[in-house]
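Listed below are the residues making up each chain.
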Protein chains: 4
Amino acid sequence: MCITCAFSEVFEHAGKPKRSHGEGMTMESAILLLSCPDAKGIDVRISEFIWRNGGNIVHFDQHVDEEFGRYFARVEWALDDFSIPKDRVEEAFAPLASELGADWRVHFSSERPRIAIMVSRHLHCLYDLLAKWKGGRLPCHIPLIIGDKPDGEEVARMFGVPFYHVPVDPRRREEGERKQIELLKGKNVELVVLARYGKILSSGFVDEFRNRIISVHPSFLPAFPGKDPFTQAHRRGVKLIGATVHFVTAGVDEGPIVSQEVTRVSHKDGLADLIRKSEDLEKTILSEAVRLYCERKILVYENKTIVFE
Amino acid sequence: MCITCAFSEVFEHAGKPKRSHGEGMTMESAILLLSCPDAKGIDVRISEFIWRNGGNIVHFDQHVDEEFGRYFARVEWALDDFSIPKDRVEEAFAPLASELGADWRVHFSSERPRIAIMVSRHLHCLYDLLAKWKGGRLPCHIPLIIGDKPDGEEVARMFGVPFYHVPVDPRRREEGERKQIELLKGKNVELVVLARYGKILSSGFVDEFRNRIISVHPSFLPAFPGKDPFTQAHRRGVKLIGATVHFVTAGVDEGPIVSQEVTRVSHKDGLADLIRKSEDLEKTILSEAVRLYCERKILVYENKTIVFE
Amino acid sequence: MCITCAFSEVFEHAGKPKRSHGEGMTMESAILLLSCPDAKGIDVRISEFIWRNGGNIVHFDQHVDEEFGRYFARVEWALDDFSIPKDRVEEAFAPLASELGADWRVHFSSERPRIAIMVSRHLHCLYDLLAKWKGGRLPCHIPLIIGDKPDGEEVARMFGVPFYHVPVDPRRREEGERKQIELLKGKNVELVVLARYGKILSSGFVDEFRNRIISVHPSFLPAFPGKDPFTQAHRRGVKLIGATVHFVTAGVDEGPIVSQEVTRVSHKDGLADLIRKSEDLEKTILSEAVRLYCERKILVYENKTIVFE
Amino acid sequence: MCITCAFSEVFEHAGKPKRSHGEGMTMESAILLLSCPDAKGIDVRISEFIWRNGGNIVHFDQHVDEEFGRYFARVEWALDDFSIPKDRVEEAFAPLASELGADWRVHFSSERPRIAIMVSRHLHCLYDLLAKWKGGRLPCHIPLIIGDKPDGEEVARMFGVPFYHVPVDPRRREEGERKQIELLKGKNVELVVLARYGKILSSGFVDEFRNRIISVHPSFLPAFPGKDPFTQAHRRGVKLIGATVHFVTAGVDEGPIVSQEVTRVSHKDGLADLIRKSEDLEKTILSEAVRLYCERKILVYENKTIVFE
């Protein structure tokens, strides 16, 4: 097909405005998340596939990681004039993806991810996620909340989300986790959000949800991983404290980082102040990470994330 | 009384540790908030009053404003060995206060302020205040929530706080406000928190609660006061957006500033992004301001605040 | 020309790695800055022009402003295999640009912009610009420094840059400005950087260098424009102070904003503290803005900037 | 002496305004830095010593560290009406200090500390320190700069400060350090500032200047200590990078932290971007730490600092 012709076709639709980032996106769009070995012209080939089929690209973000020699892209296009039906898009794109040697997935803006929240005793992140979700700020379904402690039950009830209390006995961790995984799979959960969940997940659990578990840790990782980061930070006499959202991998607090934030502390701040200040950081960045996930803006590769904000 | 003697008395109690800032303060304390014309030795005179009566000072924060030639202090002392009963402390301090020509007030850590929240349609701050309050992070009572719209009712019910829907017709503002003031006074409310309340209060309302109404405005004041700060900010093409908590005075968004925070935006951010980013700022600084008020850490003088964080 | 062929040509060069953002860019590249009415497929048409002529795109940043219905792009491509000689690139691109109705300009990474710095008494920004320039952090030429006061002369001499003392008598401003403009034009200056220059430029001066004068103002604009922003901020009792880099237009401190930064202040900070804290902000964002300009990362349209960081 | 009398004396001077924090402090003041085991009434005893001798306290900052059960204070008072001559102040205060079991030192605002800067190849901090010093922002003497590389010599000459090139051969480190220590002692240096000095100091060197060497490390300690923090940060995929100023102790990058700052990075930032962004952080916090030291606002105890900002 000749590019001049392609364009004449393209410009028939030119009067229709693109929709802006973050604006009320009422029409349905498709979102391609893709990574592949870097090469010249990948952008053009992907664009060309979309234009040729009548799609109007509204966002095209790409990145090349030099270290890995790898290309990453998030492409979003409007489906209203797209000639390929939704259920055949993947099939239609597969040949090009295969040529590129790509890891890829096509999402649709109308398909909200199903997300589970896991909690223990600290409920500030749970409140914030549920309030934002109820207020329409998080485009997802939340079919269940799991707690290894019963503390989250009341909050779950306030927001009308089913709560499952599944205690995990450290000596028989697999048993508790088996129940949790069953619940998550039974509800067809795509993303698991550890909202200050207090137990370390087994590598078996992590493998079941590879790159689909995120957690918030109350420190500026890699500083102060693991147990009691507040005491560690207080003892070290740091002048800023932080919080980190990361994907969960087998190594504790070692997974790819999605988001980090810090706030100022001084010698006047005791442990209780550090905890209080941290809670607002944790809430903000965990909700933000969930939103970015729902909007299909996060790619994970090896131990890094590409976040197309 | 001789200062040497004062000290010998003082040191009898020396073994008892001071309590640290922010640590679990289980024993009751008194808190003096005071401002007066600046002079030499005010600190010593106040300290001396407390020591002489067996009080153990745990915090002494002071500030001199050069412009006003005025001294400000917040003094907190433990009551366990204090020889003056709580109900006679003000009487006992009055002579010194009078000599200093001071505006002052003594609070007690056991007396939690009674706070009312006023809302309209945007509920993010309401959720955050109530979640922190329920989680024990805000040492206050919340006897009622008032909405000029019915939107906040469900949230109020979730947290078990009485909600009063008092519509305010702009053409008969006084009428609506009269009902609101009646409710607030009937519940013996000390502080009114405007959590994105959408109406401008009359000067009559403001006078009823002088220096006892705080509001959050979604801009970095004095930039973008009044109506639609997001559109103003978006049009001006700012690279940071902010939020401001201030005491409410007769001039719209002109009262003494308690707290401000900003976050980064770019040309990519549409109005919806500005609003979303702002909400997290607003929540955090409004809750923080309420906490500081509850802990008696804010002094207001003319158009400024002294915040002893 | 057929797009399939275009691609086969494209992929011949695929083995050559793209260069990463910010890495030592030793090979020469061309940079297109363009804005035009928004339409479907602009990205593909521009890409196609570059690919077809053997260019390897290393960065393609684009943005659509909904308010203006306008498309903005910065495209950078390596020149090593590009078949069009540098001095004919503009001619070759002109037909497409004309079809798009674009404002545009092609720059080359090897052509460093010629920048003049104008100062008065406050020299912190001058030091920072010169130190970064000397350290290789600012890819530009600095052929002269102009001061309406003699204060900057010593610093200029330290760094070996010619200094011209051109006093501007407010009653005969045009006269002083005429000399300044003559100097700037004589040295073939592209960008004028007002590094805390104390005089307001006439609209005549501004017109001579339209969208080519940037200035740093020590406040968070639009708050506290014009004279004495520190006193204004101090009186208002703000809890954050800011600095703003903007393009200079006829209205004082009203031009398109390039960059803003803030830092925390409290009641304890006097005027001198505000000034000291501000200086570090001003330095950092002014140098940053100059760097972004040199790297051709700033587009101006109406009263906004698009900054492709 | 009777406290009532003390006050009558005190109030004779009441008309004279206190000077504000950070304002041009033209009159001379004394500054006491003190730490001792915590006890009741320490504040009053210190104040009383000063008032009794006619001193007008302009700042009294104190802190109690619960973990160590230790009291810290910085007290500044005007000397104009102080009855004890400067050279006898320490003698006069010694008995009270001894009773309190205190570590302490009295400084005078007129005595500017003598500071040496040590550098290697990266000169951004050196420029910033010297520009601020020349601009009157750092109240200190800088009698010499030492470089283990010759790179800093030109900058030193620009600012008229003697530069000594003292190479340090890793196999004979003591030899080089001996020369450096000789130079520092010969110039009567109080504080050694490592402005991105590239060599690790021996414990012998550190012992010679206990709590009197500060260094800036380009990471958010305790994350990424030691060699090549930028590569470590880049590999870990952090979303914020930081810089830390700390006192130098025997353990590399393990000393008490004075100041920390961070800035945002993304997947788009390569190593060169991290380095560039870090340099502005490093400059700002190192200069700030030197200023705080010069103003006698830093106390060190065990592995923590108390910074009275």
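Conventions we followed
Here the residue numbering is sequential within each chain, running from 1 through the sequence in written order. Written order determines the labels here, with chains lettered from A and ligands numbered from 1. Side-chain atom pairs in this predicted model are given and counted only at pLDDT of 80 or more, local residue features only at pLDDT of at least 70, and totals for whole chains, interfaces and linings cover all residues. By definition, any uninterrupted DSSP run of H or I lasting at least four residues is a helix, any uninterrupted run of E lasting at least two residues is a strand, and each is numbered from the N terminus. The exposure scheme places C-beta atoms from the backbone and then counts, for each residue, the other C-beta atoms within 10 Å of its own, assigning buried at 20 or more, exposed at 12 or fewer, and partly exposed in between. Throughout, a residue-residue contact means that the two C-beta atoms, derived from backbone geometry, are no farther apart than 7 Å. Where a domain begins and ends is set by an automatic assignment or by a domain database. Three categories are distinguished: nonpolar for Ala, Val, Leu, Ile, Met, Phe, Trp, Tyr, Cys and Pro, charged for Asp, Glu, Lys and Arg, and polar for the others, with Gly belonging to the last. Following DSSP output, two strands are said to pair if at least two bridges run between them. Each nonpolar core comprises buried Ala, Val, Leu, Ile, Met, Phe, Trp, Tyr and Cys residues, the members being joined through C-beta atoms within 7 Å. Axes here mean lines fitted to C-alpha atoms, for a helix over just the part in contact, with angles spanning 0 to 180 degrees between N-to-C directions. Roughly parallel refers to an angle under 35 degrees, roughly antiparallel to one over 145, roughly perpendicular to one between 65 and 115, and oblique to any angle outside these ranges. Take the far helix as your reference; a near helix turned counterclockwise from it by less than a right angle gives a left-handed crossing, and one turned clockwise gives a right-handed crossing. When the copies are superposed, the least-squares fit takes in the C-alpha atoms of residues with a pLDDT of at least 70 in both. The length a helix should cover is 1.5 Å for every residue beyond the first. A residue's pLDDT is the confidence the predictor assigns to it, expressed on a 0 to 100 scale.

Novice: I would appreciate a short explanation of the overall build of chain A in the present structure.
Specialist: Across its full length, chain A carries nine helices and 13 strands. Considering only C-alpha atoms, chain A reaches an extent of 70 × 40 × 35 Å along its principal axes. Here chain A holds 309 residues, and 47% of them are scored as buried. If you take every contact in chain A between residues at least 6 apart in sequence, the share linking residues at least 24 apart comes to 68%.

Novice: Would you explain the domain arrangement of chain A in this entry?
Specialist: A common way to report how large an interface is uses the accessible area buried once the components associate. Residue and element names in this part refer to chain A. Domain annotation of chain A identifies domain 1 (3-108) and domain 2 (114-307). For domain 1 and domain 2, the distance between their C-alpha centroids amounts to 32 Å. In this complex, domain 1 contributes nine residues to the contact, which on the side of domain 2 involves six residues. Contributions of two or more residues to the side of domain 1 that touches domain 2 are made by β1 (29-37) and β3 (70-78). Class assignment of the residues belonging to the side of domain 1 that touches domain 2 gives a composition of four nonpolar, three polar and two charged.

Novice: What should I look at first to understand the pairing of strand β1 (residues 29-37) of chain C in this one?
Specialist: For a regular strand, the rule is simple: side chains alternate between the two faces of the sheet. All names here are of chain C. Direction of pairing for β1 relative to strand β3 (residues 70-78): antiparallel, over a ladder of nine bridges. Bridging from a neighbouring strand, Leu 33 pairs with Arg 74 of β3. Where β1 meets strand β4 (residues 103-108), six bridges bridge the pair, whose relative direction is antiparallel. Bridge pairing in β4 places Leu 33 opposite Arg 105.

Novice: I would appreciate a short explanation of the nonpolar core in the present structure.
Specialist: Most often, soluble globular proteins have nonpolar side chains that are buried together. Ala195(A), Val193(B), Ala195(B), Ala195(C) and Ala195(D) are the most contacted members of the largest nonpolar core, which totals 345 residues. Those residues in contact with Ala195(A) that lie beyond four places of it in its chain are Ile117(A), Met118(A), Val119(A), Cys125(A), Leu126(A), Leu129(A), Val216(A) and Leu286(A).

Novice: Which parts of the structure should I look at to understand the sheet that holds strand β3 (residues 70-78) of chain D?
Specialist: Think of a sheet as strands paired side by side through backbone hydrogen bonds, with each pair either parallel or antiparallel. Residues and elements named next belong to chain D. Strands sit in the order β2-β3-β1-β4 across an open sheet of four strands; the sheet is antiparallel. Pairing within the sheet leaves two strands with one partner each, and these edge strands are β2 (56-65) and β4 (103-108). Pairwise comparison of adjacent strand axes, ignoring direction, gives a mean angle of 10 degrees for this sheet. Here β2 runs beside β3; their pairing, made up of nine bridges, is antiparallel. Residue Phe 60 lies in a different strand from β3, and its bridge partner there is Val 75.

Novice: Mind showing me how you'd approach the packing of helix α4 (residues 124-134) of chain D against helix α9 (residues 271-294) of chain D here?
Specialist: Two numbers describe a pair of packed helices, the interaxial angle and the distance between the axes. All names here are of chain D. With their axes 9 Å apart at the nearest point, α4 and α9 run at an angle of 45 degrees to one another. On the basis of the axis angle, α4 is oblique to α9. Crossing geometry of α4 relative to α9 is assigned as right-handed. Residues His 124, Cys 125, Asp 128, Leu 129 and Lys 132 of α4 form the contact with α9, whose participating residues are Glu 279, Glu 282, Lys 283, Leu 286, Ser 287 and Val 290. Each residue belonging to the contact of α4 with α9 can be placed in one class, and the counts come to four nonpolar, two polar and five charged.

Novice: What exactly am I supposed to notice about the interface of chain D and chain A here?
Specialist: With 24 residues of chain D at the contact, the number on the chain A side is 24 residues. Mapped onto the side of chain D that touches chain A, the elements with two or more residues apiece are β11 (257-264) and β13 (304-307) of chain D. Tallied by class, residues from the side of chain D that touches chain A come to ten nonpolar, nine polar and five charged.

Novice: Just checking my understanding: could you explain the sheet that holds strand β4 (residues 103-108) of chain A for this structure?
Specialist: All names here are of chain A. Strand order in this open sheet of four strands is β2-β3-β1-β4, and the pairing throughout is antiparallel. Each edge of the open sheet carries a strand with a single partner, namely β2 (56-65) and β4. Between one strand and the next, the sheet's axes are offset by a mean angle of 10 degrees, whatever the strand orientation. Along the sheet, helix α2 (residues 42-52) makes contact with β1, β2 and β3, crossing β3 at roughly 20 degrees.

Novice: Explain the relation of the copies chain D and chain A here, please?
Specialist: One chain copy maps onto the other through a rotation about an axis and a shift parallel to that axis. Aligned on chain A, chain D shows an RMSD of 0.0 Å; the corresponding rotation is 180 degrees and the shift along the axis is 0.0 Å. Expressed as an axis order, the relation between the two copies is that of a two-fold axis. Proximity to the rotation axis, assessed at the C-alpha, singles out Ala223(D) in chain D; its C-alpha lies 2.3 Å from the axis. Of the residues that chain D buries at the interface, 100% are likewise interface residues in chain A, meaning the two copies contact each other through the same surface.

Novice: Explain the environment of Gly226(B) here, please?
Specialist: All names here are of chain B. By secondary structure assignment, the location of Gly 226 is in the loop between β9 (213-217) and α8 (229-236). With 26 residues separating them along the chain, Gly 226 and Val 252 place their C-alpha atoms 6.6 Å apart. Apart from residues no more than four positions distant in its own chain, Gly 226 is found in contact with Val 252 and Asp 253.

Novice: Looking at this structure, I do not really get unusual backbone geometry. What am I missing?
Specialist: Excluding glycine, a negative phi dihedral is what most residues carry, and trans is how most peptide bonds are arranged. Put simply, Leu221(A) and Pro222(A) share a cis peptide bond, and its omega is 10 degrees. Summarising the element assignment, Pro222(A) is placed in the loop between β9 (213-217) and α8 (229-236).

Novice: Whenever I open this one, helix α6 (residues 173-186) of chain B confuses me. Can you help?
Specialist: Each turn of an α-helix holds 3.6 residues, which means side chains three or four residues apart point in the same direction. Taking 1.5 Å of rise per residue, the 14 residues of α6(B) would be expected to cover 20 Å, and the 20 Å separating its terminal C-alpha atoms lies within 8% of that figure. Remark: Asn188(B) follows α6(B) within two positions and exhibits a positive phi of approximately 60 degrees.

Novice: Which parts of the structure should I look at to understand the environment of Tyr197(C)?
Specialist: With respect to the helices, strands and loops of the structure, Tyr197(C) is situated in the loop between β8 (191-194) and α7 (203-208). In contact with Tyr197(C), other than residues within four places in its own chain, are Met118(C), Val119(C) and Ser120(C).

Novice: Help me understand the pairing of strand β3 (residues 70-78) of chain B in this model?
Specialist: The buried count for β3(B) comes to eight of nine residues, which makes it a mostly enclosed element. From the end of strand β2 (residues 56-65) of chain B to the start of β3(B), which pair antiparallel, there are four residues, and Gly69(B) there has a positive phi angle of about 60 degrees.

Novice: How do you make sense of the confidence of the model for chain A when you look at a structure like this?
Specialist: Residue and element names in this part refer to chain A. Residue-level pLDDT values for chain A average 90, and 92% of them are 70 or greater. Throughout residues 1-25 the model reports pLDDT below 50, and contacts reaching past four residues in sequence, or to other chains, amount to 50 contacts. The complex prediction reports pTM at 0.90, with the ipTM value standing at 0.88.

Novice: So what exactly am I meant to see when it comes to the environment of Leu130(B) here?
Specialist: Residue and element names in this part refer to chain B. In this structure, Leu 130 sits in helix α4 (residues 124-134). Leu 130 sits in the buried class, given 26 other C-beta atoms within 10 Å. Along the chain, Leu 130 and Val 161 lie 31 residues apart, while their C-alpha atoms are 9.0 Å from each other. What Leu 130 contacts, discounting residues up to four positions off in sequence, is Val 155, Phe 159 and Val 161.

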